[in-house]
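This is what each chain is made of:
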Amino acid sequence: MIILAISNQKGGVGKTTTTQHMAAVLGAEHHSRVLAVDLDPQFNLTKAAGVDVDHLTASVYQVLVTQAATLRDVIQPTEQGYDIAPADPRLGSADIELVSAGRVNWHLALRKALATLGGSYDWVLLDCPPALGTLTVNALHAAHGVVIPVTPELWPISGMQLLFSAIQVASAEGNPGLEVLAAIPTMVRRGKPHTGMLERMQTVFEGVPIGPSVMLSDHFQSAALAGTTVIHRSPSSAAAASYRNVTEFVVRAVEARQRRPATRILVGA
Ligand SMILES: Nc1ncnc2c1ncn2[C@@H]1O[C@H](COP(=O)(O)OP(=O)(O)O)[C@@H](O)[C@H]1O
Ligand SMILES: [Mg+2]
């Protein structure tokens, strides 16, 4: 079971879209067993996966925060080739509830919950919230690798350093094998400004493999409106091909990591 955190503390950079589309490629096309875990209180992935959020009795909130449910209790199948552990807005209080309750090892709640799944899944994709709070810290302690979707706008370089620091802390404090497997340029437009930004990205992400770009495309909105993925709705589009390329890139990065001793951490300089 390979666990990947799809993370960037910036919102609107394509974390949820990347999680959903990698899950669809791995599940619907590679025929792997895939679980997507929604860790965002805004529960965008849960909605995108087609979960009836109005009739949700338990979510990742009960699994991680109140411990009133197990992960298996909340997992649902989707029609997109993967299973989902849904989120709900109550996850928004996780930072307060997990820490102020004085819970010992609150940062390992997700790792422990995933360990109960045994060999049920080949891949687990963690859709992180746009913050470096307790939920992202849980994801970084549970994951083998991090995938960072990033839009080629003027880089908030200090922002990236914060994420790299959080990864380094998780690695130093109990998850030594954690690696940044790829930064994925998303919503890329053709033309000089974005090309320049992509070049600058090589510097900011020094040491981090830059994956294939995902171009800005209307196919993503159309698929979202239709309640599905681009992989299902527009399988022959360039947008679908780009997430096949991204998935292939990440799978190869995982395979390469498995051949190395689990002591090296790759983060930006
Ligand atoms: N390559 C793309 N082209 C066009 N729209 C995109 C693309 N990737 C994501 N989007 C849209 O951008 C918005 C933000 O993406 P999302 O994946 O929700 O970001 P995040 O999870 O980082 O907040 C969503 O409306 C999504 O449909
Ligand atoms: Mg999101």
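Residues numbered from 1 in each chain as written. Chains lettered and ligands numbered in written order. Predicted model: local features only at pLDDT ≥ 70, side-chain atom pairs only at ≥ 80, totals over all residues.

Explain the overall build of the protein here, please?
What the protein contains, in helices and strands, is 12 helices and 7 strands. Computed over C-alpha atoms, the radius of gyration of the protein comes to 17 Å, within 12% of the 18 Å expected from 2.2 N^0.38 for 269 residues, which places it in the range of a compact globule. Over its C-alpha atoms, taken along the principal directions, the protein stretches across nearly 50 × 40 × 35 Å. For the protein, the residues scored as buried account for 48% of the 269 residues in total. Within the protein, residue pairs in contact and separated by at least 24 positions form 79% of the contacts whose partners lie at least 6 positions apart. (Helix = DSSP H or I, 4+ residues; strand = E, 2+ residues; numbered from the N terminus. Rg over C-alpha atoms; globule rule 2.2 N^0.38 Å. Buried ≥ 20, exposed ≤ 12 C-beta atoms within 10 Å, placed from the backbone. Contact = placed C-beta atoms within 7 Å.)

Where do I start with the site of ligand 1 in this structure?
In the vicinity of ligand 1 there are 17 residues, among which Gly14, Lys15, Thr16, Thr17 and Phe220 approach most closely. Considering only residue class, the shell around ligand 1 consists of 7 nonpolar, 9 polar and 1 charged. (Near = placed C-beta within 6 Å. Nonpolar A, V, L, I, M, F, W, Y, C, P; charged D, E, K, R; others polar.)

Help me understand the sheet that holds strand E5 (residues 123-127), please; the structure alone is not making it clear to me.
Sheets are built from strands paired through backbone hydrogen bonds, the pairs being either parallel or antiparallel. Strand order across the open sheet formed by 7 strands is E3-E4-E2-E5-E1-E6-E7, with mixed pairing between neighbours. Across the chains shown, the open sheet's two edge strands, defined by having one partner strand only, are strand E3 (76-77) and strand E7 (179-185). (Pairing = 2+ DSSP bridges.)

Can you help me understand the packing of helix H1 (residues 15-29) against helix H12 (residues 238-258) in this one?
Axes are the key here: two packed helices are described by the angle between their axes and the distance separating the axes. Contact geometry of H1 with H12 gives a least axis separation of 9 Å together with a crossing angle of 80°. For the element pair H1 / H12, the angle class is roughly perpendicular. In this structure, H1 uses Thr18, His21, Met22, Val25 and Leu26 to contact H12, whose residues at the interface are Tyr243, Arg244, Val246, Thr247 and Val250. Taken together, the residues of the contact of H1 with H12 break down into 6 nonpolar, 3 polar and 1 charged. (Axes fitted to C-alpha atoms, helices over the stretch in contact; angles between N-to-C directions. Parallel < 35°, antiparallel > 145°, perpendicular 65-115°, else oblique.)

Sorry if this is basic, but what is going on with H1 here?
Because an α-helix completes one turn every 3.6 residues, residues spaced three or four positions apart along the sequence face the same direction. For H1, spanning 15 residues, the distance from its first C-alpha to its last is 20 Å, which sits close to the expected 21 Å at 1.5 Å a residue. When you tally the buried positions in H1, you get 13 out of 15 residues, the bulk of the element. His31 occupies a position one or two residues after H1 and carries a positive phi of about 60°. (Expected span 1.5 Å × (residues − 1).)

How should unusual backbone geometry be read in this particular structure?
With glycine set apart, most residues show a phi of negative sign, and most peptide bonds adopt trans. Even without a glycine there, the phi angle at His31 is positive, about 60°. Following the sequence through the fold, His31 ends up in the loop between H1 and strand E2 (34-38). For His31, a count of 10 C-beta atoms within 10 Å puts it in the exposed group. The phi dihedral of Asn105 is positive, around 60°, even though this residue is not glycine. Along the polypeptide, Asn105 turns up in the loop between helix H5 (94-100) and helix H6 (109-115).

What is the right way to look at the nonpolar core in this model?
The tendency in soluble globular proteins is for nonpolar side chains to be buried as a group. Among the nonpolar cores identified, the biggest contains 82 residues, and Ala36, Val60, Leu125, Leu126 and Ala139 are the most heavily contacted of them. Per element, the largest residue contribution to this core is 6 residues, and it comes from H12. The residues touching Leu125, leaving out its near neighbours within four places in the chain, are Leu4, Ile6, Thr19, Met22, Ala23, Val34 and Ala36. (Core = buried A, V, L, I, M, F, W, Y, C linked by C-beta atoms within 7 Å.)

What exactly am I supposed to notice about the pairing of strand E6 (residues 145-150) here?
Within a regular strand, the side chains alternate between the two sheet faces. Counting buried positions along E6 gives 5 out of 6 residues, so the element sits mostly inside the fold. Note: strand E1 (residues 2-6) against E6, 3 bridges, orientation parallel. Bridged to Ala5 within E6 is Val146. Where E6 meets E7, 6 bridges bridge the pair, whose relative direction is parallel. Considered in E7, the bridge of Val147 is made with Ala182.

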